[in-house]
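Summary of structural features
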Amino acid sequence: MHSATSRLSPEWQQWLAENLAQGASLEEVATTLRAAGVSEEVAREEVAAADQHPFVRAGRGIARRYARMESLMDVYSALHRQAGHHRGVEKRAGLSAEEFFTRYYFGHRPVVLQGLMEDWPALRRWSLDYIRETCGEAEVEIMSGRDANPNHSFEHDRHRSTVRMAEFVRMITEAGETNDFYMVPRNDNWQRDGLRALREDIRAPSGIIDPSLDPRSMTLLLGPAGTVTPLHHDKTNVLLGQVLGRKHCKLIPSFQPHRVYPRDGTFSHVDASNPDPTLHPAYLEAHCVEVVLEPGELIFIPVGWWHWVRALDVSASVTFLHFQLPEGNTYMEFPA
């Protein structure tokens, strides 16, 4: 729309174009404009001009394609419910690699795996004292000052700080329950020589994860009770092993993005800790499943699945991104 000839502000021009493209009637948008103080004459002229504008016509075509995609996603949601997968996350012990890939990885379903961390020295050794004694001198990157900025997940570069691991352990020990600081995956900590002792305490789940355990395809998450990872999705499949403490996880299928109000590429506008049905009514229809991850359990989070995580205790987790597949791993590719 040509702002130079329009008598509406740029904000109202954008609003008008978006609503017409999404199927609002001419009378509906004109009524809203009049209610906002736009004169009858201006409202009528602006709506008529926008209705014929090629940009708005193109937007209507794009909106129709999105509507067809959402309709297909709703079919997936209906099948998901009919299969009973909306009731919860399965916990499976003794699951073979073959069944894992067939039923969950290729089936695009989350699952909690039990019994596959029994050979991890980390499960017996790791504690805050052990981490301090073995890696205390290592410098690690953390995110700090999160409580003062509700947008910390989107402005992460403002919150990066480097501390010695011994200092970070002291912070965790003294803080109690807090979301103010956390070692999140946005770092290369796991690749640093100072954490070699921790890497040697990890084993690849047999037949599922590439046994080379390339540190570039793994991350370490460490923090106090109370840390929250907002609702988001990853662009790759993730297997997260819980070593220390418990985590409360909420997961929503990848085919329900129209119910979680996407923001900034991979995040959601919804506060999954306390969703607001007035602001985000469609979220009430999302198939949100919850599970508490215990020490010694791994959770498979399929690519694109939305998830929110809160640490119930002092928590240490290791994530794997490189699955043992001859055809290679599956990734989402789209601009953020």
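Residues numbered from 1 in each chain as written. Predicted model: local features only at pLDDT ≥ 70, side-chain atom pairs only at ≥ 80, totals over all residues. Heavy atoms only, no water.

1. Let's talk about the overall build of the protein
Within the protein, the regular secondary structure consists of nine helices and 14 strands. By the burial criterion, 46% of the 336 residues in the protein qualify as buried. Surface accessibility of the protein: about 16,700 Å² in total, with carbon and sulfur atoms responsible for 50%. Taking the 35 positively charged and 45 negatively charged side chains of the protein as two groups, their mean positions are separated by 3 Å. (Helix = DSSP H or I, 4+ residues; strand = E, 2+ residues; numbered from the N terminus. Buried < 20%, exposed > 50% of the residue type's maximum accessible area, 1.4 Å probe, protein only. Areas by Shrake-Rupley, 256 points an atom, 1.4 Å probe, with all protein chains shown as cover. Lys, Arg positive; Asp, Glu negative; His and termini not counted. Charge placed at Lys NZ, Arg CZ, Asp CG, Glu CD.)

2. Some details on the side chain of Gln13
Relative to the helices and strands, Gln13 is located in helix α1 (residues 10-21). For Gln13, a relative accessible area of 6% translates into the label buried.

3. A word on the pairing of strand β8 (residues 247-252)
Burial runs high along β8: six of the six residues are buried. Burial along β8 is two-sided: the face carrying Lys247, Cys249 and Leu251 and the face carrying His248, Lys250 and Ile252 are both buried. For β8 and strand β11 (residues 289-293), the ladder comprises five bridges, and the chain directions are antiparallel. Within β11, the position partnered with Leu251 by the bridge is Val289. Judged from the six bridges that link them, β8 and strand β13 (residues 306-311) form a sheet pairing that is antiparallel. Within β13, the residue paired with Lys247 across the bridge is Ala311. (Pairing = 2+ DSSP bridges.)

4. Considerations on the pattern of salt bridges
Two side chains that carry opposite charge are able to pair once their charged atoms sit near each other. All told, the structure shown has 20 salt bridges when counted by the stated rule. Where Arg170 meets Glu174, a salt bridge forms, and the shortest distance between an N and an O atom there is 2.5 Å. Remark: Glu174 and Arg170 occur in helix α8 (residues 165-175); sequence separation between them is four residues, near one turn of the helix. Its relative accessible area of 35% is what places Arg170 among the partly exposed residues. Glu174 gets classed as exposed once you look at its relative accessible area, which sits at 57%. The salt bridge partner of Arg246 is Asp313, with a shortest N-O separation of 2.7 Å. Residue Arg246 is found in the loop between β7 (238-244) and β8, and its partner Asp313 is found in the loop between β13 and β14 (315-320); the two are separated by 67 residues along the sequence. Residues participating in the shared-partner salt-bridge network are Glu27, Arg34, Glu40 and Arg44. (Salt bridge = Lys/Arg side-chain N within 4 Å of Asp/Glu carboxyl O.)

5. Let's talk about the sheet that holds strand β1 (residues 91-93)
Pairing within the open sheet is mixed, and its six strands lie in the order β1-β2-β12-β7-β14-β5. The open sheet terminates on both sides in strands that have one partner only, identified here as β1 and β5 (218-223). Adjacent strand axes in the sheet meet at a mean angle of 25 degrees, parallel and antiparallel pairs treated alike. Pairing analysis gives five bridges linking β7 to β14, with the strands arranged antiparallel. Bridge pairing links Gln242 to Ser317 in β14. (Axes fitted to C-alpha atoms, helices over the stretch in contact; angles between N-to-C directions.)

6. Comments concerning unusual backbone geometry
Positive phi, normally seen in glycine, also occurs at His108, with a value near 60 degrees. The backbone of Leu213 sits at a positive phi, close to 50 degrees, despite the residue not being glycine. Note that Leu213 resides in the loop between α9 (196-199) and β5.

What is shown is where atoms sit, not what they do.
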